[in-house]
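# Inside the fold
This is what each chain is made of:
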Amino acid sequence: MILLRTCDELRRWCGPPQRRQRPLNFVPTMGALHPGHLSLISSALQTRPSPNGEVLRPRVLVSLFVNPLQFGPREGFVSYPRDLGADCRTAENAGVEALFAPSEQELFPGGESELTRVIPPPSLMGSLCGRSRPGHFEGVATVVARLLALIRPDCLLLGEKDWQQLVILRRVVADLGLAVEVRGCRTWREPDGLAGSSRNRYLSAQERRQAAALPAALRSVRVRLAAGEPLGEPMVQKLRLDLETAGLIVEYADLVDPASLQPLPTLAGGQRLSLLAVAVRCGSTRLIDHLLLMPRLPIVAIDGPAGAGKSTVTRAFAKQMGLIYLDTGAMYRAVTWWVQRHGVDAADAAAIEPLLTGLELSLEGGGDGDLRVLVNGHDVTVAIRDPSVTAQVSAVAAHACVREGLTRQQQAMGEKGGLVAEGRDIGTAVFPHADLKVFLTATVAERARRRALDLEQRGFAVPPLMDLETQIAERDHLDSSRTIAPLRQAEDAVKLITDGMGVEAVIEALVELFRERVPEDAWPES
Ligand code: PAF
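What this report covers is the structure whose coordinates are included nearby.

What counts, and where the lines are drawn
- Residues numbered from 1 in each chain as written.
- Predicted model: local features only at pLDDT ≥ 70, side-chain atom pairs only at ≥ 80, totals over all residues.
- Heavy atoms only, no water.
- Near = heavy atom within 4 Å.
- Polar contact = N/O pair within 3.5 Å; in protein donor to acceptor, adjacent residues only side chain to side chain.
- Areas by Shrake-Rupley, 256 points an atom, 1.4 Å probe, with all protein chains shown as cover.
- Helix = DSSP H or I, 4+ residues; strand = E, 2+ residues; numbered from the N terminus.
- Core = buried A, V, L, I, M, F, W, Y, C linked by side-chain atoms within 4.5 Å.
- Buried < 20%, exposed > 50% of the residue type's maximum accessible area, 1.4 Å probe, protein only.
- Contact = heavy atoms within 4.5 Å.
- Disulfide = S-S within 2.5 Å.
- Axes fitted to C-alpha atoms, helices over the stretch in contact; angles between N-to-C directions.
- Parallel < 35°, antiparallel > 145°, perpendicular 65-115°, else oblique.
- Left-handed = near helix turned anticlockwise from the far one by under 90°.

## Focus: the site of the ligand
Lining the immediate environment of the ligand, one finds Pro28, Thr29, Met30, Asn67, Gln70, Val140, Val143, Val144 and Gln165. A distance of 2.6 Å separates an oxygen atom of the ligand from a polar atom in the side chain of glutamine 70. Protein contacts shield 86% of the accessible area of the ligand, which totals 290 Å² for the unbound molecule. Contributing elements (two or more residues each) for the shell around the ligand: β2 (24-29) and α7 (136-151). Element by element, the count of residues in the shell around the ligand is highest for α7, at three residues.

## Concerning the nonpolar core
Here is a general trend for soluble globular proteins: nonpolar side chains tend to be buried in one another's company. Of all hydrophobic cores here, the largest spans 109 residues; its most connected members are Leu61, Leu107, Ile151, Phe317 and Phe431. When residues in this core are grouped by element, the largest group, 10 residues, is from α7. What phenylalanine 317 contacts, discounting residues up to four positions off in sequence, is Val300, Leu323, Val420, Ile507, Leu510, Val511 and Phe514. Residues Leu203, Ala213, Leu248 and Val280 belong to the second largest nonpolar core, which totals 24 residues.

## Points about the state of the cysteines
Tallying each qualifying case throughout the model produces zero disulfides. A disulfide-free cysteine, cysteine 129 has its sulfur positioned 16 Å from the sulfur of cysteine 282, the nearest such atom.

## Details of the packing of helix α12 (residues 310-321) against helix α20 (residues 503-517)
Contact pair α12 / α20: the axes reach a minimum separation of 9 Å and the direction vectors enclose 50°. Relative to α20, the element α12 lies oblique. The handedness of the crossing between α12 and α20 is right-handed. Touching Thr312, Val313, Ala316, Phe317, Gln320 and Met321 of α12 are Val503, Val506, Ile507, Leu510, Val511, Phe514 and Arg515, all from α20.

Any functional reading would require information that these geometric values do not contain.
What follows is the structure in structure tokens.
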């Protein structure tokens, strides 16, 4: 392992991003490395296939800098544990290739007063720890932005333990347009559940025993929820009482939305991921911890106009994440096929409605194999892809009776979660409490080009591009202006414009969004 002390040495070691042979993963720390840091380093060392399928062993760089900007006047900057020799040995044994340990003068040559500062949005800094630690997150954001600018890593790894820090730094990276993936990693815990933290070494033996009451109280929230108690204010009050009874001073115990960090008024009916965050004092040591509460396995909703490549990427994304792929488009196609088979006009809702009672629709496979679509036991997987079905599916899917029937069926299929669905109203109507909503789109010209290619590959006649563009624009208009279930981006959806992106790059973007929304800690232990 190489020890880098200056910004010049660091820049030379990192090299310009475009000339690097292997991905560069970065773990920022303030030293006093403990097993929590080691678990971040071990995530950083993991190989992952790049968008072009190459599997390369990443280089891992750890920074060690006790950042004065993030300490309040009485927050122990001077007494913070510093042992460079021990940290070097620990990092080297863990497989780190370089440790960057600059002096204050090196990182902030003009001194604190001359520093360009990064100020994250007040909405994210004003809750939880931000209330009692003014200036803290600004200090964190400023130093991490400086480090990222120097290093330009491919991936920044942060612990989910410091949840608010993670959310804020994600936002800083996004708002400053820094091309770096931010990966949150599961909290490392002592055998009795206490979350790993450099501060734990300040605890006396008696305080250390007392501190275990924090994870224990959070565990009992989980147990009570599993027993059917609702998550709400009485549950939070009981948690406070448990902590106080154990002799801990509660600074806050708040139920918030994990992305916006804003209080959850009614916990959205216990239907979506929520964060129960706690800060306590144990003697003079401040400890934080949290619970991420996921009422069911995650649901991902991918909406967008026809021809944006939703089904291809959704299928691959589902496979990669081990989620069930609920192809709602195929379900509407199957109904259309059924309507055509009965010789009924696609526009005639009154004639279509009775046909639905005789229709038993199911999706099979979709895991590793291909998804099969069955209508009354009959395999229609290929038949529903016929251009005649494509031409009428929009009209059939516009009828309230069809929409309601299939929405009910899709909601029943999604009760336990663990799925990704794509369509046009998944995030707005079918799964309004989806954990991740993506509006996947591409320009009309791009979609026409893709449609032409697809028709050609499947041996169909290819109309002129202009005609395809007109058809697509008309279909968009029809889909977004229909009275029932119009195509519309959900307010909380992320818009992903896929022009110029290959399928692999789109999948990678989805995986990244998913990891951000559905943190590792929210998953049951394997
Ligand atoms: O989490 C920490 O240790 C620090 O806040 C960080 C991210 C290294 C910035 O100083």
